[in-house]
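Listed here are the chains, written in short residue letters.
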Amino acid sequence: MGIYLEMFITFFKIGCLAFGGGYAVIAILQKEVVELKQWVTNDELTDIMAISQTLPGIIFVNSATMIGYRKKGLLGATVATITSCLPTFLLILLLTFVIWGFTDNPIVHKAFIGILLGVTALILNSVKKTWKTAVKHYSDVILALLSAALMLFTNINVVLVLLLLAALGFAKNIYFLKKEEKQHVNVH
Amino acid sequence: MSTFIDLFLVFLKIGAISFGGGYAMIPFFETEMVSHNWVSLADYVKVIAIAQVVPGPFAVDSSSYIGFKVAGIVGAIIATIALCIPSFVASVIITKFYTQFKANKYVNALLKGVRPAVLGLLLSAAYIIGLKPLYQATHTFMSLTMLKAVIMAVAGYFVLNQKKVKVGTFTFIAATAVVGILLF
């Protein structure tokens, strides 16, 4: 039982400290689960973070699940996932409840517009970062522009657009892979 | 009962399909809550603003709030759990079969192939958070408010990308609140 309580406390703490996402969270995980608890090694954590970002779903939940699973199997993964999300769950409901009455105040309303444009800037920043990993070939530029155009300027459901683009991207990569294999055979 | 099932299925779907995580999930939340008439965009973006001072993934902020709004505390729990289930299952499976998974060329072709689409999702998220609420309030793109909004978002991007002064996320968010009060 002791280990689960320890996991509960550690992941709850991580959930309380996980501001900013991405690299900020890596630093916290490094300190808590690598240095203090030694549940995973630094190399394992690097691997976990890399895989977390390629899987669908919430990156933070992916990494918590994987750490919990390595330490204590399915139950460990469950404890890690639930407790790491618990602070967010409680705080957003509490804060929303407290702040909601003030959001119609003109000054608060203006501050919120400002914050949302700040978030927009953060999103544009992640466009830049994602561009570096997503675009390796001119065909990727075409796919990215197509996806942006369909999402911004048409009413096609976002799920459909994503599935279409995923299929195109998959087909394109397989095509290039086959072409490469063929050339490889010809050389030999 | 059917509300709970609806919530569960919708958030399960979002969790399963949201490649790219983070802000790239915003278009999915927006599409679903508007089409189900659960929460208005004007209310949802308030939650996104509040979420900036709440730790943890903002997807959980979104599921907790939307779930709560639709069906109270039980709704919040159902939406959040459903959202996490696909991540959980995928992560457990990957941990077991990582070596085979890493070497599989079809898996790689899919994971790499979907990345350019994430760029579209992110740009769409930038529009939904930054400009769409203003458009819904004024019904025009040709206004001073809209111009100020675009300039502020772009200026914010350059502040984040300059190397002279290191700006933490909290400082940045606090500064944008102040600029918002002065500018709008």
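Remember, it's a predicted structure, so these values are computed and weren't measured experimentally.

## Some thoughts on the pattern of salt bridges
Residue and element names in this part refer to chain A.
Consideration 1: Under the definition given, this model contains 8 salt bridges over all chains.
Consideration 2: Across the salt bridge formed by Glu32 and Lys13, the nearest N and O atoms sit 3.2 Å from each other. With Glu32 in helix 2 (residues 23-36) and Lys13 in helix 1 (residues 2-17), this pair connects stretches of sequence that are 19 residues apart.
Consideration 3: Under the relative-accessibility criterion, Glu32 is labelled buried at 5%.
Consideration 4: Judged by its relative accessible area of 37%, Lys13 is partly exposed.

## A few points about the interface of chain A and chain B
Consideration 1: Opposite the 82 residues of chain A that make contact, chain B presents 88 residues.
Consideration 2: Between chain A and chain B the total buried area reaches about 7800 Å² when both faces are included, carbon and sulfur atoms providing 80% of it.
Consideration 3: Among the ionic pairs, Lys105 of chain B bridges to Glu181 of chain A, the shortest N-O distance being 3.3 Å.
Consideration 4: In this structure, the connection of chain A to chain B is made through 16 residue pairs in polar contact (both at pLDDT 80 or more).
Consideration 5: Looking at the side of chain A that touches chain B, the elements with two or more residues in it are helix 1, helix 3 (42-54), helix 4 (59-99), helix 5 (106-134), helix 6 (138-153) and helix 7 (158-187) of chain A.
Consideration 6: In terms of residue count, the dominant contributor to the side of chain A that touches chain B is helix 5 of chain A (24 residues).
Consideration 7: Taken together, the residues of the side of chain A that touches chain B sort by class into 53 nonpolar, 21 polar and 8 charged.

## A short note on the packing of aromatic side chains
Consideration 1: Going through the model one piece at a time under the given rule, you end up with 13 aromatic pairs over all chains.
Consideration 2: Between the aromatic rings of Phe170 of chain A and Tyr106 of chain B, the centroid separation amounts to 6.4 Å while the plane-to-plane angle is 45°, which identifies the pairing as tilted. One end of the pair, Phe170 of chain A, is in helix 7; the other, Tyr106 of chain B, is in helix 5 (residues 105-113), on a second chain.
Consideration 3: Take Phe170 of chain A: its relative accessible area is 28%, and that puts it in the partly exposed class.
Consideration 4: The exposure class of Tyr106 of chain B is partly exposed, given its relative accessible area of 40%.
Consideration 5: Ring geometry for Tyr135 of chain B against Phe141 of chain B: centres 4.4 Å apart, planes inclined by 15°, an arrangement best described as stacked.
Consideration 6: Put simply, the rings of Phe11, Phe29, Trp38 and Tyr44 of chain B touch in pairs and so form one group of aromatic residues.
Consideration 7: Across the ring face of Trp100 of chain A, the terminal group of Lys46 of chain B is positioned such that the distance to the ring centre comes to 4.8 Å.

About the thresholds
- Residues numbered from 1 in each chain as written.
- Chains lettered and ligands numbered in written order.
- Predicted model: local features only at pLDDT ≥ 70, side-chain atom pairs only at ≥ 80, totals over all residues.
- Heavy atoms only, no water.
- Salt bridge = Lys/Arg side-chain N within 4 Å of Asp/Glu carboxyl O.
- Helix = DSSP H or I, 4+ residues; strand = E, 2+ residues; numbered from the N terminus.
- Buried < 20%, exposed > 50% of the residue type's maximum accessible area, 1.4 Å probe, protein only.
- Contact = heavy atoms within 4.5 Å.
- Buried area = accessible area lost by both parts, 1.4 Å probe.
- Polar contact = N/O pair within 3.5 Å; in protein donor to acceptor, adjacent residues only side chain to side chain.
- Nonpolar A, V, L, I, M, F, W, Y, C, P; charged D, E, K, R; others polar.
- Phe/Tyr/Trp six-rings, centres within 6.5 Å; stacked < 30°, edge-to-face > 60°.
- Lys NZ or Arg CZ within 6 Å of the ring centre and 35° of its normal.

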